[in-house]
Amino acid sequence: MLDTQTRDLAVAGQQAAHGATPQPDELDAILDQARARARSAGQPFAGSVTPAEAWELASAGYARLVDVRTAEERKFVGHVPDTLHVPWMTGTALNRNPRFVKELEAKVKKDAVALLLCRSGKRSAAAAEAATKAGFSHVFNVLEGFEGELDGDTRRGNLGGWRFHGLPWVQD
């Protein structure tokens, strides 16, 4: 796990790469663009953000990043430091978590900005739709997920995703 000082340095480095700490109007612009993406794609939730946008929003304290992958995926593949964990599916059989909405409600207020992250962006989109139907008003999907899509050799990590973009992550 990253210690606090290392994490703070990582945040500062990301902010420096963008020139400065993002201002609220810049963060609102990211969410506006994400909402426009959702409208144009006909998505039934607030919107979709890129991994870099998700990091910018979460590291600025403007949104909560929620990992909806299984506990096994987080442990063996890695995860973003300081994310909330509410699995959309559980176990190696990927059974739908019937308590997903209740668990999300216990960790995130319904009017908070929540960014849902899975392996490739598909399960998190389904989770975002369920959360929206349950009354969450600002739920966004993280496009590409943590590992991205499968490449021609059926491997992940080469075609996008959180790790592909060099964003902070750790492995237990």
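Residues numbered from 1 in each chain as written. Predicted model: local features only at pLDDT ≥ 70, side-chain atom pairs only at ≥ 80, totals over all residues. Heavy atoms only, no water.

**Q** How should the pattern of salt bridges be read in this particular structure?
**A** Two side chains bearing opposite charge may form a pair once their charged atoms approach each other closely. With the rule as written, the count across this model stands at 10 salt bridges. Here D32 makes a salt bridge to R35, at a shortest N to O gap of 3.4 Å. Residue D32 and its partner R35 are both found in helix α2 (residues 24-41); the two are separated by 3 residues, about one turn of the helix. For D32, a relative accessible area of 44% gives the class partly exposed. Residues joined in a network through salt bridges with shared partners are D67, R69 and R74. (Salt bridge = Lys/Arg side-chain N within 4 Å of Asp/Glu carboxyl O. Helix = DSSP H or I, 4+ residues; strand = E, 2+ residues; numbered from the N terminus. Buried < 20%, exposed > 50% of the residue type's maximum accessible area, 1.4 Å probe, protein only.)

**Q** So what exactly am I meant to see when it comes to the side chain of R123 here?
**A** Relative to the assigned elements, R123 resides in helix α6 (residues 122-133). Setting aside chain neighbours within four positions, we find R123 in contact with R69, T70, E73, W88, M89, L94 and C118. (Contact = heavy atoms within 4.5 Å.)

**Q** Please clarify how the pairing of strand β6 (residues 114-117) should be interpreted in this entry.
**A** The two faces of a sheet get side chains in turn, since along a regular strand they alternate between them. Burial along β6 is two-sided: A114 and L116 and L115 and L117, pointing in opposite directions, are all buried. Here strand β2 (residues 64-67) pairs with β6 via 4 bridges, running parallel. Opposite L65, over in β6, you have L115 as the bridge partner. Relative to strand β7 (residues 139-142), β6 runs parallel, the two sharing 3 bridges. Across the sheet, the residue bridging to L116 is N141, located in β7. The parallel pair β6 and β7 is bridged by α6, and the resulting crossover is right-handed. (Pairing = 2+ DSSP bridges. Right-handed = clockwise from strand over helix to strand, strands pointing away.)

**Q** I tried to follow the packing of aromatic side chains on my own but got confused; where do I start?
**A** Aromatic ring pairs are reported here in terms of the distance separating the ring centres and the angle at which the planes meet. Following the criterion strictly, the structure yields 3 aromatic pairs and no others. Both rings, one in W55 and one in W162, keep their centres 6.2 Å apart while their planes meet at 85°; by these two values the pair is edge-to-face. Note that W55 is positioned in helix α3 (residues 51-59) and W162 in the segment after β7, a separation of 107 residues in sequence. Given the relative accessible area of 8%, W55 is considered buried. (Phe/Tyr/Trp six-rings, centres within 6.5 Å; stacked < 30°, edge-to-face > 60°.)

**Q** Sorry, what's going on with the sheet that holds strand β1 (residues 47-49) here?
**A** Paired through their backbone hydrogen bonds, the strands of a sheet run either parallel or antiparallel. Reading across from one edge, β1-β7-β6-β2-β3 is the order of the 5 strands in this open sheet, with parallel pairing throughout. Among the strands making up the open sheet, the edge pair consists of β1 and β3 (84-85). Each of β6 and β7 is contacted by α6, which is oriented at about 175° to β7, the strand it contacts most. (Axes fitted to C-alpha atoms, helices over the stretch in contact; angles between N-to-C directions.)

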